[in-house]
Amino acid sequence: MTIHVDTQHLKRTLGPVSVVLFGLAFIAPLIVFGTYGVIAQASQNTVALSYVVASVGIIFTALSYGRMVRVFPAAGSAYTYTRKMLNANFGFMVGWAALLDYFFIPMLIWLLGASYLNVAFPEVPQWCWITGFIVSTTVLNILGIQIANRFNIILMVVQLSIIAVFIALCWHYVSAANGPGGLLSAKPFFNAEVPFAATMAGAAIAAYSFLGFDALSTLSEETLEPKKTIPKAILLVALIGGGLYVTSAYFMHLAHPQAVFENIDGAAFEIAKMIGGDLFFSVVLAGIILAHFAAGLSFQASVGRLMFALGRDHLLPQRVFGYLHPRYKTPVFNIMLAGAFGLVGFGLTIATATSLVNFGAFLAFTSVNLCALKLTFDRSVGDRPGVLRGIVCPLAGAITSGWMLISLDKDALILGSLWLLAGLVYLCCMTRLFQRPTPEVAA
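Quick look at the structure, then. Because the structure is a prediction, the values reported are computed rather than measured.

Digging into the environment of glycine 91
For step 1, the next point in the chain: Structurally, glycine 91 can be placed in helix H5 (residues 88-120).
For step 2, the next point in the chain: Accessibility expressed as a relative area gives 0% for glycine 91, which makes it buried.
For step 3, the next point in the chain: Sequence-wise, glycine 91 and tyrosine 81 are ten residues apart; in three dimensions their C-alpha atoms are separated by 7.5 Å.
For step 4, the next point in the chain: Non-local contacts of glycine 91, meaning those with residues more than four positions away in its chain, are made with Tyr79, Thr82 and Arg83.

Listed below in structure tokens is the structure:
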């Protein structure tokens, strides 16, 4: 069944710089501070090496996303690529799994941001902060991608500035304590007494810091020259994010060599107070809250566009999910639904939400790498990347992503599988037990 759609298209307004800044907002670079203690504990204090390993795996996947978006510059991301390259039904299931990822990421971000605010202002109930996040980001996203983009640029400048100051203060602290020679050390990367398995355990957690770089592909229909801009932006975001994470982890280790903290979740705050006093501690806290606001804003925009792609293809009810506001040209119902779903955060723990996010993300990453591998052998597409980029990179990306997927805890695998089962039931009903083809939009 082929559906012809002529008018339901998003408006192209984003340039290369804006797209890269959106990508950095998706991964929220300041999260490296929020997760430092947990990764230090898991990796036995080899955080910098864990980030190097995670960065390599993510960069392989970023290359696959870049190749796919050149061929299919549409808003559906992993769903679109899998549907086109592998199978329409499998594409739906990947899209369904990605919905789990995209739905839970903004909710998790709002939940984390509210928890930090609750620490700073314990007299204000946490639900007030969650509601405030949801209402403000929903309004900005409904008004359009350009409005959200202006706010995003400001918030990203603040985040990057805080990271730069943090690294500079660590530099000054280490130089004052150990001299200039103390700035060069292999200890953040290597410790003969630490097994590599511990570093890999840290890398599995560190990879979560990159979640969202792929969401840039959902902005393809709103980007100027998407076939040129989006692939470069995805790779740049992965490289910049990896560089920021490795550098930050390196200098935090130098400033605080022992992985012993009063509160593992607040390890970076302890380091911030140590190197910059109470004032800088407050600045880092404010920056992390702003980072979560920017990430929530970007991810809510992304999930709205993913549901728009599914609705436009009649894989979800088209009248609701495929609707664009006539003035703002935004998928208003989808954005509001993503915001309303954030209220689920009132009843979930951060651990549960995180596990569900990872399930959807790693399944999508694995599928996109497999799509890029198949693209290499598709003679109907003018993509000739060579053996290294066409076979080795996507194969390495698929293995890495698949390994991270099966390494999730049992609860995540069970809940994720139940979500997939629900999607399979819905697909069976929609196709009458696969007697009808999955709906598809004509190019």
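Right, picking up where we left off after that structure.
Notes on unusual backbone geometry
For step 1, the next point in the chain: Of note in the backbone geometry, glutamine 44 takes a positive phi value of approximately 55 degrees without being a glycine.
For step 2, the next point in the chain: Within the fold, glutamine 44 resides in the loop between helix H2 (31-42) and helix H3 (47-71).
For step 3, the next point in the chain: Even without a glycine there, the phi angle at arginine 432 is positive, about 55 degrees.
For step 4, the next point in the chain: The exposed category is assigned to arginine 432, whose relative accessible area is 54%.

Quick look at the nonpolar core
For step 1, the next point in the chain: Counting residues in hydrophobic clusters, the biggest one holds 110 residues, and the most contacted among them are Phe33, Tyr51 and Phe166.
For step 2, the next point in the chain: Residue contacts for phenylalanine 166: discarding those within four places in its chain leaves Phe33, Met252, Ala268, Ile271, Ala272, Ile275, Phe280 and Val284.
For step 3, the next point in the chain: Counting residues in hydrophobic clusters, the runner-up holds 18 residues, among them Tyr79, Leu315, Phe321 and Leu427.

Focus: the packing of H3 against helix H9 (residues 226-255)
For step 1, the next point in the chain: Between H3 and H9, the least distance of the axes is 9 Å, while the angle of their chain directions is 175 degrees. By the angle between their axes, H3 is roughly antiparallel relative to H9.
For step 2, the next point in the chain: Here the residues of the contact of H3 with H9 sort into 20 nonpolar, three polar and two charged.

Quick word on a positive patch on the surface
For step 1, the next point in the chain: A cluster of like positive charges, contributed by Arg70, Lys228, Lys232 and Arg389, occupies part of the molecular surface.
For step 2, the next point in the chain: Within the fold, lysine 228 resides in helix H9.

Structural notes on the pattern of salt bridges
For step 1, the next point in the chain: Inspection of the entire model under this criterion finds one salt bridge.
For step 2, the next point in the chain: In this structure, the salt-bridge partner of lysine 273 is aspartate 278, at a minimum N-O distance of 3.8 Å.
For step 3, the next point in the chain: The exposure class of lysine 273 is partly exposed, given its relative accessible area of 42%.

Some details on a nonpolar patch on the surface
For step 1, the next point in the chain: On the surface, Ile414, Leu415, Leu418, Leu421, Leu424, Val425 and Phe434 cluster together into a nonpolar patch covering about 600 Å² of accessible area.
For step 2, the next point in the chain: Inspection of the secondary structure assignment puts isoleucine 414 in helix H15 (residues 410-431).

Describing the packing of aromatic side chains
Each pair of aromatic rings is reported with the distance of its centres and the angle of its planes.
For step 1, the next point in the chain: Overall, the coordinates contain 16 aromatic pairs when judged by the stated rule.
For step 2, the next point in the chain: Arranged with centres 5.8 Å apart and planes meeting at 25 degrees, the rings of tryptophan 171 and phenylalanine 251 form a pair that is stacked. Highlighted residues: tryptophan 171 in helix H7 (residues 145-178) and phenylalanine 251 in helix H9, separated in sequence by 80 residues.
For step 3, the next point in the chain: Given a relative accessible area of 47%, tryptophan 171 falls into the partly exposed group.
For step 4, the next point in the chain: Grouping aromatic residues by their ring pairs yields a cluster made of Tyr65, Tyr81, Phe362 and Phe365.

Rules of the game
Residues numbered from 1 in each chain as written. Predicted model: local features only at pLDDT ≥ 70, side-chain atom pairs only at ≥ 80, totals over all residues. Heavy atoms only, no water. Helix = DSSP H or I, 4+ residues; strand = E, 2+ residues; numbered from the N terminus. Buried < 20%, exposed > 50% of the residue type's maximum accessible area, 1.4 Å probe, protein only. Contact = heavy atoms within 4.5 Å. Core = buried A, V, L, I, M, F, W, Y, C linked by side-chain atoms within 4.5 Å. Axes fitted to C-alpha atoms, helices over the stretch in contact; angles between N-to-C directions. Parallel < 35°, antiparallel > 145°, perpendicular 65-115°, else oblique. Nonpolar A, V, L, I, M, F, W, Y, C, P; charged D, E, K, R; others polar. Patch = residues over 30% accessible without salt bridge, like charges linked within 9 Å, V, L, I, M, F, W, Y side chains within 5 Å. Areas by Shrake-Rupley, 256 points an atom, 1.4 Å probe, with all protein chains shown as cover. Salt bridge = Lys/Arg side-chain N within 4 Å of Asp/Glu carboxyl O. Lys, Arg positive; Asp, Glu negative; His and termini not counted. Charge placed at Lys NZ, Arg CZ, Asp CG, Glu CD. Phe/Tyr/Trp six-rings, centres within 6.5 Å; stacked < 30°, edge-to-face > 60°.

Just geometry here; none of it tells us what the structure is for.
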